[in-house]
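Read off the chains here:
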Amino acid sequence: MSPKLTTVRVGLRRGWIEFRLTVTNVGEMLGWLWPSLLALLVMYALRDSTVPGTDFSLGAQSIPGILGMNIVLTGMMGLASTLITEREDGTLLRAKAIPNGVPGYLTGKVVSQSGMTAAVLLVVLLPAAFLFDGLELGEVSSWLRLSWVVVLGLVATLPLGALLGAVFHSPQGLGVIMLLLTGMVGISGVFYPITALPEWLQLLGQLFPVYWLGIGMRSALLPETMSAVEIGDSWRLWETLGVLGLWAVLGFALAPRVLGRMARRADGARLASASPAQPASS
Amino acid sequence: MPDRPQPTDAQPAIQTSGLRMRYRSADVLHGVELRAERGEVLALLGPNGAGKTTTVEILEGFRKRSAGDVRVLGTDPTHGDQSWRARLGIVLQAWRDHGRWRVAELLEQLGRSYEPYSTADRPRPYDTGELLRLVGLTEQSDRTVATLSGGQRRRLDVAIGLVGRPEVLFLDEPTVGFDPQARREFHELVRRLPELRDTTILLTTHDLNEAEKLSDRIVILVGGRIVAGGTPAELAERLSRDTEIRYRHGGEAHVTTAGDATGLVRELLARHGESIEDLEVRRPSLEDVYLELVHEAETGRDAAETDRDTAASAAPREVSAA
């Protein structure tokens, strides 16, 4: 088998093993799930409020946006933080020491983090389906649209996650990004229709993927009539495709170069400052 | 699969000449000459900060050198491709990676990357079960890596270094932090390895005992310079210029040193005959010689740090290496 094909196979195997390890670990799963579960709880408390101008539950309306936010949290931020951790603990150096190790490692990371994103999405969607009325989960078209929005969302945000993981040197450094992300969620119409915001904030929100993942999810899971509360009274699918596509192009243009530099730099001396674990006695 | 021309056996596995390394303004390696023949176990011995790890990282292709010529398996590591990489084994210093993975699962995972580089001569990768048996981890094969003891973890590191059936194996400070029992077990394991295949091993250590036990040849690196090299016996021979002679004569204790101890003793006995008592001839052990070399180099370095004017006179003495 050719080295390229082997690298893909090896990467898929790594991805599957790491996905399995995370998904079967209750503590880690809760770590990924708590922001969404918390949001779900808050929106459940607001289940009797309705979206202004409609009799649709505000809680149900926010579910797709929460799922969209999850793609960024689990996919992008998850990838960034594991890259930082595993550069410091020697995993990346181990990958460098074997043939085609770095591309195989990155393939594995993308696979496992995508799997995690899908798993978290389903785990949040399940209770949501019971707690809220109005989500269109019975339609095949809903699931088809959900699938392409998730895939496009991952394609747009995972390279950005890899970039962040390569640029930051400590998980604490990611805190700044987390803060920015929280602000971004605030102006992306996740919990409340974006049209309630001043126009300049609406424009700012529409620059980032969180808004477009949210509207993409709403278009998949909410009844067609709910598009009336969106900007331009439409789900704006082409715009969704366009903006997320642009982010994907940007990420794919930058990520390989920055990752290459990160991999070259991950040598013993850089790692030595991260203090290797001294083995205890036998 | 990419089948590259195999270098002839006459070519050394590792060869450097004039290898220099400079970080910013500090020179770490000052023209290192190294040569390891195929199948040889070579120890790079030196105190902390001598430049051992830098040297190994350059050979592994993890670090770019500042100057000099370097060949590992006939290839310049800076330009080594993946099929070259597949012929190396690297036992990393101790890390905390892959803690959640199971032992056999991890070994299997890392081994698969070597599949495209298998040859009739060297089937790659090693069979996982066989390799675990070899390093004594069969019972632990289903344990997660994080639950292994330090010694077991190190044996797993060795297994990972061997999984691609390497032609050159790098062992960088393999027993740092070990207790004596774990160290002895590790030494026994490594001594069993070269017989498996003609694998060249480059070992770095600051422990002379370890170097003597494991290697065919020792090269001493101090302050970025190779100050001596040879088999342990040759080193002791070459460096023990002055043998210490103690005796009593006329009730007085005498201590003297001489390059030609035999000649001095013969002369002493011829001149004084039976009045020489308690004669004792002691050749310094290799350890004495090594510690002296390190001490000289380090006091030289300290002097350079505290007083640059006197640094030149205290510079480490150059001794020709093998």
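Residues numbered from 1 in each chain as written. Chains lettered and ligands numbered in written order. Predicted model: local features only at pLDDT ≥ 70, side-chain atom pairs only at ≥ 80, totals over all residues. Heavy atoms only, no water.

Go over the overall build of chain B with me, naming the residues and quoting the values.
Counting its regular elements, chain B contains ten helices and twelve strands. Buried residues in chain B amount to 50% of all 322 residues. Roughly 14,800 Å² of accessible area belongs to chain B as shown, and the carbon and sulfur atoms make up 45% of that amount. (Helix = DSSP H or I, 4+ residues; strand = E, 2+ residues; numbered from the N terminus. Buried < 20%, exposed > 50% of the residue type's maximum accessible area, 1.4 Å probe, protein only. Areas by Shrake-Rupley, 256 points an atom, 1.4 Å probe, with all protein chains shown as cover.)

Tell me about a nonpolar patch on the surface, and name the residues and values.
Residues and elements named next belong to chain A. A cluster of nonpolar side chains, V26, L30 and L37, forms an exposed patch at the surface whose accessible area comes to about 270 Å². The residue L37 is located in helix α2 (residues 26–45) in this model. Residue L37 is classed as partly exposed on the basis of its relative accessible area, which comes to 32%. (Patch = residues over 30% accessible without salt bridge, like charges linked within 9 Å, V, L, I, M, F, W, Y side chains within 5 Å. Salt bridge = Lys/Arg side-chain N within 4 Å of Asp/Glu carboxyl O.)

With reference to specific residues and values, describe the sheet that holds strand β7 (residues 200–205) of chain B.
Each strand in a sheet pairs with another by means of backbone hydrogen bonds, the pair being arranged parallel or else antiparallel. All names here are of chain B. An order of β5-β6-β7-β3-β8-β9 is seen for the six strands of this open sheet, with the pairing classed as mixed. Each end of this open sheet is capped by a strand with a single partner; those strands are β5 (88–91) and β9 (225–230). Ignoring strand direction, the axes of neighbouring strands in this sheet form an average angle of 15 degrees. Pairing geometry for strand β8 (residues 217–222) and β9, over five bridges, is antiparallel. Considered in β9, the bridge of L221 is made with I226. Contacts from helix α5 (residues 150–162) reach β5 and β6 (168–172) within the one sheet, and its direction differs from that of β5 by about 165 degrees. (Pairing = 2+ DSSP bridges. Axes fitted to C-alpha atoms, helices over the stretch in contact; angles between N-to-C directions. Contact = heavy atoms within 4.5 Å.)

I'd love a proper account of the packing of helix α3 (residues 58–88) of chain A against helix α5 (residues 101–131) of chain A, names of residues and values included.
Residue and element names in this part refer to chain A. Closest axis-to-axis distance for the α3/α5 pair is 9 Å, and the angle between their directions is 150 degrees. With respect to α5, the axis of α3 lies roughly antiparallel. Handedness of the crossing formed by α3 with α5: right-handed. Counted together, I63, L67, N70, I71, T74, G75, G78, L79, T82, L83 and E86 of α3 and Y105, L106, K109, Q113, M116, T117, V120, L121, V124, L125 and A128 of α5 form the full contact between these two elements. The class makeup of the residues in the contact of α3 with α5 is 13 nonpolar, seven polar and two charged. (Parallel < 35°, antiparallel > 145°, perpendicular 65-115°, else oblique. Left-handed = near helix turned anticlockwise from the far one by under 90°. Nonpolar A, V, L, I, M, F, W, Y, C, P; charged D, E, K, R; others polar.)

Mind laying out the domain arrangement of chain B, listing which residues take part and the relevant values?
Annotation of chain B at the domain level lists domain 1 (14–235) and domain 2 (245–282). Taking the mean C-alpha position of each, domain 1 of chain B and domain 2 of chain B sit 47 Å from one another. (Domains from an automatic or database assignment.)

Please give an account of the pattern of salt bridges that cites residues and values.
Overall, the coordinates contain 26 salt bridges over all chains when judged by the stated rule. A salt bridge links R20 of chain A to E105 of chain B, with the shortest nitrogen-to-oxygen separation between them at 2.7 Å. One end of the pair, R20 of chain A, is in helix α1 (residues 3–23); the other, E105 of chain B, is in helix α3 (residues 103–112), on a second chain. Exposure remark for E105 of chain B: the relative accessible area of 13% places this residue in the buried category. With a closest N to O distance of 3.8 Å, R38 of chain B and E167 of chain B form a salt bridge. With R38 of chain B in the loop between β2 (26–36) and β3 (41–45) and E167 of chain B in the loop between α5 and β6, the pair connects residues that are 129 residues apart, well separated along the chain. A residue is classified by how much of its surface remains accessible, and E167 of chain B, at 7% relative accessible area, is buried. Linked by salt bridges that have partners in common, R94 of chain A together with D97, R153, R154 and D157 of chain B make up one network.

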